[in-house]
Every structure is written in structure tokens, then in C-alpha cells.
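Geometric and topological summary
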Protein chains: 2
Amino acid sequence: MEVELGGVQEKTPAAPVQPPAARRFLAAAVGKPKEVVCTWAKNVKKVATDDPRRILHGMKVGLALTLVSLFYYVNPLYEGFGVSAMWAVLTVVVVMEYTVGGTLSKGLNRGCGTLLAGGVGLGAHHLADLCGPKGEPIVLGFLVFVLAAGATFSRFIPEVKARFDYGTMIFILTFSLVAVSSYRVDELLELAQQRLSTIAIGGATCICISLFVFPVWAGGDLHKLSANNLEKLATYLEGLAVEYFGEKEELDGALVKDKSFLQAYKSVLNSKTTEEALANFARWEPAHSKFLFYHPWNQYLKVGTQIRQCAYYIEALTTHIIKSQTPQPSSDVHRRIRNACMEMCSESSKTLNELAAGMRAMTRPSAAHVHMEASGAAANVLKAIVMEGGAVVEILQSASMLSLLTEIVCCTRDIAVAVEELARLAQFKSSDADDDAHRHRSTVRPIAETEGSPHHVINMGGQ
Amino acid sequence: MEVELGGVQEKTPAAPVQPPAARRFLAAAVGKPKEVVCTWAKNVKKVATDDPRRILHGMKVGLALTLVSLFYYVNPLYEGFGVSAMWAVLTVVVVMEYTVGGTLSKGLNRGCGTLLAGGVGLGAHHLADLCGPKGEPIVLGFLVFVLAAGATFSRFIPEVKARFDYGTMIFILTFSLVAVSSYRVDELLELAQQRLSTIAIGGATCICISLFVFPVWAGGDLHKLSANNLEKLATYLEGLAVEYFGEKEELDGALVKDKSFLQAYKSVLNSKTTEEALANFARWEPAHSKFLFYHPWNQYLKVGTQIRQCAYYIEALTTHIIKSQTPQPSSDVHRRIRNACMEMCSESSKTLNELAAGMRAMTRPSAAHVHMEASGAAANVLKAIVMEGGAVVEILQSASMLSLLTEIVCCTRDIAVAVEELARLAQFKSSDADDDAHRHRSTVRPIAETEGSPHHVINMGGQ
């Protein structure tokens, strides 16, 4: 299941705008309408099957809108609120977000922004009143200009932008409306009260439906996204072990160039924006399922940083593998190197899979340690082969690949440290009561504390 | 000048929420209010000085709001539109964006969404009318549910999300308002007309102010962002040449760890979202300064991809350099390797700087070719030293670094190819009339066409 948020999905890049392309497009659109409709339908189906909760979200918005339209249909309600019922509809459309955290964040932003702006607007009205009928529009216009300019500028401040962007916009909107209409409307307080209650009703409807009808938790999605990303890297390394270092006689980049495992990790490279948005929303969410209110959402961002670091190396390694097409000699040293590489990939992949499984089950990833030690041992074997000094030319030929692979093993360790820290902060349980006694042994220690860690031992360069 | 957009600025990570931290924060907030105010003021000042156009943007929003409030203050205008003037204020607040393209995109989305939804809403009203007074609310409620659910779901489709997200939201909003109020309001057409004209006036005000008062062009910002990113990589490589391979006797990662050049390129790694948003807005913009309507904005995304690819290697190289702290022996081979590396860094840096300068001046980056050849030659020298086979241990020790550096030189070439393609598509002029004759010689050819290119020659691994 893909977690998508904001406008950061992969976009199909538009064809360069040139007459022939445009004519081709037109011909395609007019000549083969059936094909176009089919492609479109396939796209829509993919969006729905990738995450069926999207259909539910559409229905939830429909439900919320139908509920607030009762203010128009039911006579006693309409008599109480009148045209102000419009504000309930407006609030539902703009406040209802995909995740619970998003809706809560927007709803509270809207509530606070409206209240604050209403108060300031009433104050501006009284101030302008003191200046007589001629001065009133001038004072009001000046205040609207100054406050709107200031509030708009404040939206560029990172702290404000991250949490209160929408609230600030609502502040500008409500303040302008209140201040400006105060020039015309006499019963300003009554109007403000009516609007405020309909906005509150609209906001409350959204929040209730988000919370209680098939809720989509930003926190849960962030948790899943981290585990997914771990698994994507694991899939890559496993693919490398099987398809590249595996049974075939020759290592040939051309042969693996089109394999799917070389593509799966690409989305990890640009996951930062999505992760930050989800973590931002997750902070607004109440405790739910296994996530308590103080769940360490920040640590997910740190785990994400380590995962991306590893993905950068993988990206470098992939380019390298695809470029190197010359078959390599099959000497004894060559076979030993290849076996060590296969072991490193395979064990690192298992480590990442164990970390992902631990995250999903919210247990301490104690089994990961065994595989991490095995990949470190394989890296040491590799180092020993290199240090023997035999077959220098062969080693030189694959130096890039060997060193990148070694760095990836180091990254796996860094990821494990970050996930272990998350498990500690979020108080994940031990996976099994039996291995409780061994827990301390199998805790991943930060690199600095590890004596003779593979991190230093297997580092080929600069030692 | 930093180009910032959306919520993707660096966020100061919040401290882990624990009682002691909270208490410390409270103590800091209450105990040292002066310090807190100072930090805050410094932040605000930084936001303003980083890009002074932000202050102007605030004032532009204030101006637009003050202009549309005239509908309330001026008697003949108010008599014409009445309370509908509110919609002009609302439109200004939500449509006015930082860049011209953003405002145009939102304004046109709002206009089209409103018109379409108004038409469909009137149709729904007539349909419901046919079902008699008892059936009317049921039919209306059903239609609102179905259309709102469908339109909300369509916002998940990547193509819709990228261009028409806001328009779809406005469609839901307007359709619900029109359909639902049609149950109560008799003179629906007149109301719709009033609202539509005030929305049009609000939108037109925004677009005019965006276009004619200190316009901020998304296209121009994208152009500058690409050149900036090129320069950031160039700064890194220059820093590496001077501070790391430079005068000092020993290569020590610990010594360069805190240098600023190791940090400057970090923002390049996550520039994808910003670039895509800017390119998306740039497509809506009319021709301005040197950018024609058919300017190849997509090519900027391709240049950006190549730049990020290079940044991934740089990230790997940086981690490697910082980790390797052991001093290296100062043999003759060592000195020759170091000189070759210095030359590679320095010439690649000059290549990137020339490409950036060419982009800024919108001229063909012909001077870049000389430096690119020089860095390729240095990489060949490095390869020759390695192939001599002497001092094997030393070469093995720095194999990671040498191969990463070699890949970076290759990346520089890929970047140059992408920029050259941009120069061709966007019809950049030759930098000098004199070298017009040499232009064909100095055109960077795609790698596949280049015979004996450094790309293959200097590749250390897998050959």
C-alpha cells in the first residue's frame, strides 16, 4: 500500500510542447477515443486499488456535506441560522482532509484563526467608530492593509508555515470580512455569533467523521511508510545477491539493467517531504491503536534520514553496476570475492527485513542483530581477501563496487541504531519473552561504543 | 537568494516531548523573555533578508484586499453588489499566491471550477424541481453526496492533483452551495450572477497585482534555482580541491569535518519537490523577460535530476571523507594521486561554474567544454597512475574515494549534456560572436556519441 500525500506523486512528464507532438496528441485524442478512455480508466482503477481508503475518503466528504446541508432542508434549523448555514458547507469543504491529523490541524487552525480574527476585527470596528463617519473607512482600510500584509509575511517564517499556515490565512480572511462588513452591518455581534456557530458545527462534523468513520491515521501511515522503505532497500539487496552475484557465470550490468529490483528503491530517495508532512499531522492526533500521545514521531524522521543515506549509496552502486558491462575473469579470487559480496548483500537484506518486521509488529528487532553480525563478518572476509594482495588487477577493477557495498553495510548498521532508538523511545515490546534475557546482548550499540566494529574494520579507503 | 516554496523549508526539529524538556522550555520562555524575543526577531529578519520580495508580497496582498474593500465603502458599488462583495474579499485571500504562475493557476482554477459547478448546480436544481416538494431535498442530498464523493476521489489522480486540485475543491464547494441554497433561494440566477461577478473582480484584482506590481515569476525562480544548485556543487568541489587535497601535508577527514563547503550542497538533495512545483506554475505564466511561452520548463527538471544524481555521489564521498581520519603516507605516488584528484575537483568545479554562468546569462556554455576536457584528462592521469600498479596498498586504501571522485567527474559531464540540451531547446545565444565558428566543436555531445569518452576511459571498476 502506497502512502501518498500532497502533490508529490510521480507525475507523468508532459511531452515537450512542439507542434508535431501537439498534433500527435490531438490525433490520438480524436482518432482513438476508446484507447484514451481505456488508459484513463486504468489510471483511475490504479489510484483506487493502490489505496482503497481513497474511495472511502470521497464518501466521507459526501456524507459530511449531506449532513450539514440539513441546515437548509430542515425548517427549524434554517430558521435559527438562515444564510449563515452556508459557512458550515464552506468549512466542511476546506477542512476535511485525508488523515485525522490533517483534519484536526485544519479544524483547530480554522477555529483559533476565526476566534482571534473576530476579536481583533471587533476591536478595529470600535476604534474606527471613534474616528467619525469620514475617518471610519480610512482607518478600516489602513488596518486591513497593515494586518493582512503582516500576517501574509508571517506565513514565510518556517515555524509558522509548518503548523499555522492555514490558521494565518483564515485570520486574514475573517479579519478582513469582519472589519469591512462592520462598516455596513449594524448587528455585527449577532452575525458573528451565527457564523461562528455554523463554522463550529461544520468543523465538528468533519472532525467526528474523520475520527469515527474508518479513520486514516497520519501516524499509522508514517509508521507503515518507514517499514515499507526498509523493505524496499531489503528487496534491492536481495535482488542484487540473487540476480547479480548469484548463479550466473559472469557479472554483467547489461543483464540486470531492466530488473525491477533496480527501480523499487527510487521512491525512497524523495520521501523526505511526505515523511515530514505525515509527522507534522501525526503530532495533532490523539492516542490510537498502539500509538500513544507522546509517540516519538521525530525519531521516524531520523530513521528516514538514515534510510535515505543508504539509498544514496544504492543509487551510486546501481549507476555503477549498469555502466560496467565487461565480463570479468572467473579466477578463484574472483569467486571468493563474489561469494563475500553475495553474503554481504543477502545478510544486509535480512537485517533490513527484520528491522521492518520488528517495526510492523512494534517489537524490538532483536533477530536483526544476528544478520548484522553475519554481514559484518562477510565484509571482514572481503577485507581479508583484498589484503592478501593477490590478484591486484581484479581487485582494482571492482574497487568501486566493493567499497560502495561496504558503505551500504555500514549504513545498514546506522539504520539499525536509529530503529533501535525508536524501539526504546516508543517502548516496543520484546519480540519473545524467552529472549528477554538476551536483550541486552542483542541491543545494537551506537557505532562509537562498538569495539572493533565492522564499521571501521571493513572500511577500505583511507585507513 | 534562496528560492523557498511550500512547506519544504528546513524545520527546526522540536525537542522530544518529555517533562524535563518541557520544563526547560517553560523556564527558558518565562525566565529569559528578552532572549526569546531576540531569537524570534532574528528569525524574522532572516526570512526578510533571505528574500526581500517576501515583504513586497505581504504588501501586495494588503493592497489587493484594500482595493476590493472599496465595494463596501463606496455607496454606488455596494448598492450594486450588496453582501456578495464578501466573495471578492474571500477570493483575494485564497487566490493570491507568491508567484505569478501560482496566482494565475489558482485564479483560472477558481474561475473554471465556479462556472462549471454553477452550471451543474442549476441543472441539479431543475432536476430536483421535477420531483415535487417532498422529493426535492432527497434528490438534492443524493446529488451532493455523489458528486462530492466523486470529485474528492478524483483529487487523488496524479494528473488532476498536479494541475486541477484547487479547481476540483472549488467545484465541490460551489456545487454544494448552489444546489443546497436552491432549495431556499428563489432568485437563484440573480444571486449566482452577483457572486460570479464579484469572484471575477476579486480574481482579476489578484492577477493584475501579481502581474504588474513587482511580479515574482515562478519560471525565473526555477531558472535561478537550477543555476544556484550548479554553483553549490561547484563550491563543494572547489572546497575539496583547496581544503582537502590542497596544501596540507596529510589528508585528514577530521580537519575538514566542520568546513562550510561540506554543508552547502545538502539542500540540493531534496530540491525535487520545489523544482516540480515551480515548473508546474511556470507553465501557466505568459512570456516574460527572456522566457518565451514555449520555454522548455521540463528540461529544467531533467537538469535537476542530473544535478541531484551528482549530489548523491557527493553525499557518499562526504561521509567517506569524514570517516577516514588516518593520516596517509606521503610517497611520490601518493603526491601524484593527490595532484590528479585536486585537478579533477578543481576543473569539475570550473565546469559547473561555467554552466551556471551560462545559464544565468542565457548563453551557450561553450567555455565549460575546456574545463570538462581538463578534468577528463586529470581522470585519465589518475587511471594511468593506478594502472602502473606500483604502490598497490596505497591505491587500495583510497579506492573508494578515487572511484567516487571519478563518478562525480562523469556526473559533471551528464549535467553538461542536460544543460546543453536546455540551451538548444531554449535557444540560448552564443556567449560571444567570435566563437560562433567554434560552436559545433565545443558542443557537448551525449555520452553515447562520444568516442573514447572519459566516461568510459576513467571508469575504474568493472572494466
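The structure displayed is predicted, hence computed values, not measured ones.

Cut-off values and rules
Residues numbered from 1 in each chain as written. Chains lettered and ligands numbered in written order. Predicted model: local features only at pLDDT ≥ 70, side-chain atom pairs only at ≥ 80, totals over all residues. Heavy atoms only, no water. Helix = DSSP H or I, 4+ residues; strand = E, 2+ residues; numbered from the N terminus. Buried < 20%, exposed > 50% of the residue type's maximum accessible area, 1.4 Å probe, protein only. Contact = heavy atoms within 4.5 Å. Axes fitted to C-alpha atoms, helices over the stretch in contact; angles between N-to-C directions. Left-handed = near helix turned anticlockwise from the far one by under 90°. Nonpolar A, V, L, I, M, F, W, Y, C, P; charged D, E, K, R; others polar. Parallel < 35°, antiparallel > 145°, perpendicular 65-115°, else oblique. UniProt positions renumbered as here; feature names shortened; annotations may be inferred. Expected span 1.5 Å × (residues − 1). Bend = angle between axes of the 7 residues up to and from the residue. Phe/Tyr/Trp six-rings, centres within 6.5 Å; stacked < 30°, edge-to-face > 60°. Lys NZ or Arg CZ within 6 Å of the ring centre and 35° of its normal. Polar contact = N/O pair within 3.5 Å; in protein donor to acceptor, adjacent residues only side chain to side chain.

1. So, the overall build of chain A
Regarding its fold elements, chain A presents 21 helices and zero strands. Across the 463 residues that make up chain A, the buried fraction comes to 53%. Nonlocal contacts in chain A, meaning residues at least 24 apart in sequence, comprise 81% of its contacts between residues at least 6 apart.

2. A few points about the packing of helix α6 (residues 100-129) of chain A against helix α8 (residues 158-181) of chain A
All names here are of chain A. Across the interface, α6 lies against α8 with an axial gap of 7 Å and an inter-helix angle of 35°. By crossing handedness, the relation of α6 to α8 is classed as right-handed. Contact residues: Lys-106, Asn-109, Arg-110, Gly-113, Thr-114, Leu-116, Ala-117, Gly-118, Val-120, Gly-121, Leu-122 and Ala-124 in α6; Arg-163, Phe-164, Tyr-166, Gly-167, Ile-170, Phe-171, Thr-174, Phe-175 and Val-178 in α8. Residue classes in the contact of α6 with α8 are distributed as eleven nonpolar, seven polar and three charged.

3. A word on the packing of α6(A) against helix α9 (residues 188-212) of chain A
Residues and elements named next belong to chain A. Two elements in contact, α6 and α9, have axes whose closest approach is 9 Å; the angle formed by their N-to-C orientations is 170°. The orientation of α6 relative to α9 falls into the category roughly antiparallel. Contacts from Val-100, Thr-103, Leu-104, Arg-110, Thr-114, Leu-115, Leu-122 and His-125 of α6 reach α9 at Leu-188, Leu-189, Leu-196, Ile-199, Cys-206, Ile-207, Ser-210 and Leu-211. Classifying every residue of the contact of α6 with α9 gives eleven nonpolar, four polar and one charged.

4. As for the UniProt feature "transmembrane region" (unreviewed entry) in chain A
Residue and element names in this part refer to chain A. Taking the UniProt record as the reference, the feature "transmembrane region" (unreviewed entry) is found at residues 55-74, 80-100, 107-126, 138-157, 164-184 and 196-218. Summarising residues 80-100: 67% helix, 0% strand, and an end-to-end C-alpha distance of 30 Å. Across residues 138-157 one finds 85% helix and 0% strand; the C-alpha atoms that close the span lie 30 Å apart.

5. Some remarks on α8(A)
Residue and element names in this part refer to chain A. Over its 24 residues, α8 runs 32 Å from end to end, which matches the ideal 34 Å to within 8%, given 1.5 Å per residue. Maximum bend of α8: about 90°, positioned at Phe-164. Counting buried positions over the 24 residues of α8 gives 17, a clear majority of the element.

6. What about the packing of aromatic side chains?
Applying the stated criterion across every chain yields a total of 13 aromatic pairs over all chains. Here the aromatic rings of Phe171(B) and Phe175(B) are separated by 6.2 Å at their centres, their planes lie at 5°, and the arrangement is stacked. Residue Phe171(B) and its partner Phe175(B) are located together in helix α8 (residues 158-181), separated by four residues, close to a single helical turn. Residues Tyr236(B) and Tyr265(B) carry aromatic rings whose centres are separated by 5.1 Å and whose planes lie at 75° to one another, so their mutual orientation is edge-to-face. Remark: Tyr265(B) occurs in the loop between α11 (253-256) and α12 (266-269) and Tyr236(B) occurs in helix α10 (residues 218-244); sequence separation between them is 29 residues. Here a set of aromatic residues connected by ring pairs shows up, and it is made of Phe291(A), Trp297(A) and Tyr300(A). The ring of Tyr166(A) carries Lys106(A) above its face, with NZ or CZ at 4.7 Å from the centroid.

7. Comments concerning the environment of Glu285(A)
Residues and elements named next belong to chain A. Within the secondary structure, Glu-285 sits in the loop between α14 (272-282) and α15 (297-323). For Glu-285, a relative accessible area of 2% gives the class buried. Each C-alpha atom of the pair Glu-285 and Ile-55 lies 22 Å from the other, and the pair is 230 residues apart in sequence. A polar contact of 3.1 Å, which involves the side chain of Glu-285, links it to the backbone nitrogen of Gly-219.

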